[in-house]
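Single-letter residue listing:
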Amino acid sequence: MDKKNLTEIWDLILEDILKEEENKDSIELILENTKLREIDEKSGKAVVVSETEVFKTIIDTNWYNQIKESINLRLNSNFQLVILTEDEYQKYLEDQKKSEFSREIDLNSYIHPNDSLNPNYLFSNFISSESNKSLFASAMIVAQNPGRKFNPLFIYGGSGLGKTHLLHAIGNEAWRRIPSMSIKYIESRDFGKTVGEVMKNKGDVTSQIAAFQEKFSKYDILLVDDIQFIESWDKTKEIFFNIFNYFITQGKQVVLTADRYPEEMDSFEDRFRTRFKSGLVITVVPPDIDTAIKIIKLKLTAHVDFDLKQITEEALEYIATNFSSNIRDIEGAINRIILMNIVEGASLIDLNRAHVIFKEITKNKHVSSPKRIINEVAKHFKVAAAEITGTNRRKEIMFPRHIAIYLCKTMLGISLKEIGREFNRDHSTIISSIEKIEKEKETNTEIAQVIYDLRKLISSN
Ligand code: ADP
Ligand code: MG
């Protein structure tokens, strides 16, 4: 395919992606420095080249699937996507010149090792928290003993909490341990779409479906993401159920994810739900603030030219507090930081700067305010909101007041002066409240828990 065509296709892909994104500016900057360089029918690969390692990482972690989907949708094909840096691509071209035959081999050495597993989602970059400990352990056990322990493993929970990450991690780990294993990751929706296509084919549908089932039955491990999407597709459900049952009876591992507990999946008949529950059902919950901070640090260090010294603990805590109910949002926040660093040059990200950076992101989200914090704290401690900002020095009022001040400082990223205005107090009183809570929180777990609960409440809608 010539250059002009590739540019045209890439423009269409950009359109597809930008349509769905909120932070268009940042993405535009990254994607403009990225090009579709090759569509190779022979090897079935589409090669996208990014100017730098940072852009490559950002694209790989955020838009790999969208780009691949969009290419294949636009070209009505099934290309594998390879993302390279300019340097890697040049090396690949050189290799290619050296030998006609090296082409396939060389491209493969840069490529995702298995076409349905995402090699970036591993156990080693999944942060396990206290509340997700058993989830992490069971996923690991399944990866190490596929088909022998919890079969099926059914993981359910809210969006952006790591279900897809864990599915791939299980696949990657099982595959690393036993390289001969063939592993299939599939979103239930894609499974359904394929069934739909098979059914539309002319000729003997029954034997085609049989062939389709047969193809799936060959895998050793089946990882099916977001099973709720096929809830209302009866034929798909039936075919899936056949394959699923075959796997279970053959002692081959199945891992499923869903947004709900099996019992709550009304459109699946009893026989499904019973089967879904027959192995291990386990939930994924949002990370606590400390875990969220660890995740942010991990994601930041994945960017080669970002140094953790460039961000203060306070700023990290601010991001964690505001985004921890969905890690995908945290990643959006991180991309924003990395991007600001590229655009504006590296400088320290403190609470104020973090606040400015995230103003735009939080614009569309629910944003807390001092009023909201004061109201929630008052409700929690069963005192009047006016008392919190008032003059009463009774202990029952003073304590909630300190907490509210502390939360304003850590959640809102506003200045001490502004907080002072909200609470009718001077700057030094505000500092002393914050210090008091900071100190007590260290030793008193009850206080730490109250703060944690209030934060969750305040940052939710
Ligand atoms: P879900 O499938 O539950 O909607 P994903 O698996 O897509 O969520 O997770 C969203 C993003 O958050 C992914 O990029 C994933 O790597 C990241 N993520 C989620 N949980 C963790 C975790 N505990 N540690 C590291 N990254 C995580
Ligand atoms: Mg998912």
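Residues numbered from 1 in each chain as written. Chains lettered and ligands numbered in written order. Predicted model: local features only at pLDDT ≥ 70, side-chain atom pairs only at ≥ 80, totals over all residues. Heavy atoms only, no water.

## Observations regarding the pattern of salt bridges
Working step 1: Taken as a whole and judged by the stated rule, the model has 26 salt bridges.
Working step 2: Close ionic contact of E187 with R189 constitutes a salt bridge, the shortest N to O distance being 3.1 Å.
Working step 3: Between R394 and E396 there is a salt bridge whose closest N-O contact spans 2.9 Å.
Working step 4: One connected set of salt bridges, linked through shared partners, spans E263, D270, R273 and K277. (Salt bridge = Lys/Arg side-chain N within 4 Å of Asp/Glu carboxyl O.)

## Overview of the packing of aromatic side chains
Working step 1: Under the criterion given, the structure shown has 17 aromatic pairs.
Working step 2: Arranged with centres 6.0 Å apart and planes meeting at 15°, the rings of F126 and F136 form a pair that is stacked. Of this pair, F126 sits in the loop between α5 (102–110) and α6 (133–144) while F136 sits in helix α6, and the two are ten residues apart along the sequence.
Working step 3: You can call F136 buried: its relative accessible area is 17%.
Working step 4: Aromatic side chains F191 and F240 sit 5.8 Å apart centroid to centroid with 85° between the ring planes, which places their arrangement in the edge-to-face category. Separated by 49 residues along the polypeptide, F191 in helix α8 (residues 188–200) and F240 in helix α10 (residues 234–249) bring together distant segments of the chain.
Working step 5: Since its relative accessible area comes to 1%, F240 is described here as buried. (Phe/Tyr/Trp six-rings, centres within 6.5 Å; stacked < 30°, edge-to-face > 60°. Helix = DSSP H or I, 4+ residues; strand = E, 2+ residues; numbered from the N terminus. Buried < 20%, exposed > 50% of the residue type's maximum accessible area, 1.4 Å probe, protein only.)

## Details of the side chain of D288
Working step 1: In this fold, D288 is placed in the loop between β8 (280–284) and α12 (289–301).
Working step 2: There is a polar contact of 2.9 Å between the side chain of D288 and the backbone nitrogen of T291.
Working step 3: Setting aside residues no more than four positions away along its own chain, D288 makes contact with S129, S131 and Y452. (Polar contact = N/O pair within 3.5 Å; in protein donor to acceptor, adjacent residues only side chain to side chain. Contact = heavy atoms within 4.5 Å.)

## Thoughts on the sheet that holds strand β1 (residues 34–40)
Working step 1: Ordered by their spatial adjacency, three strands build an open sheet running β1-β2-β3, and the pairing between neighbours is mixed. The sheet terminates laterally at β1 and β3 (80–85), the two strands that pair on one side only. Adjacent strand axes in the sheet meet at a mean angle of 25° when their direction is disregarded.
Working step 2: Each of β1 and β2 (45–50) touches helix α1 (residues 3–20); the most contacted strand, β1, lies at about 120° to it. (Pairing = 2+ DSSP bridges. Axes fitted to C-alpha atoms, helices over the stretch in contact; angles between N-to-C directions.)

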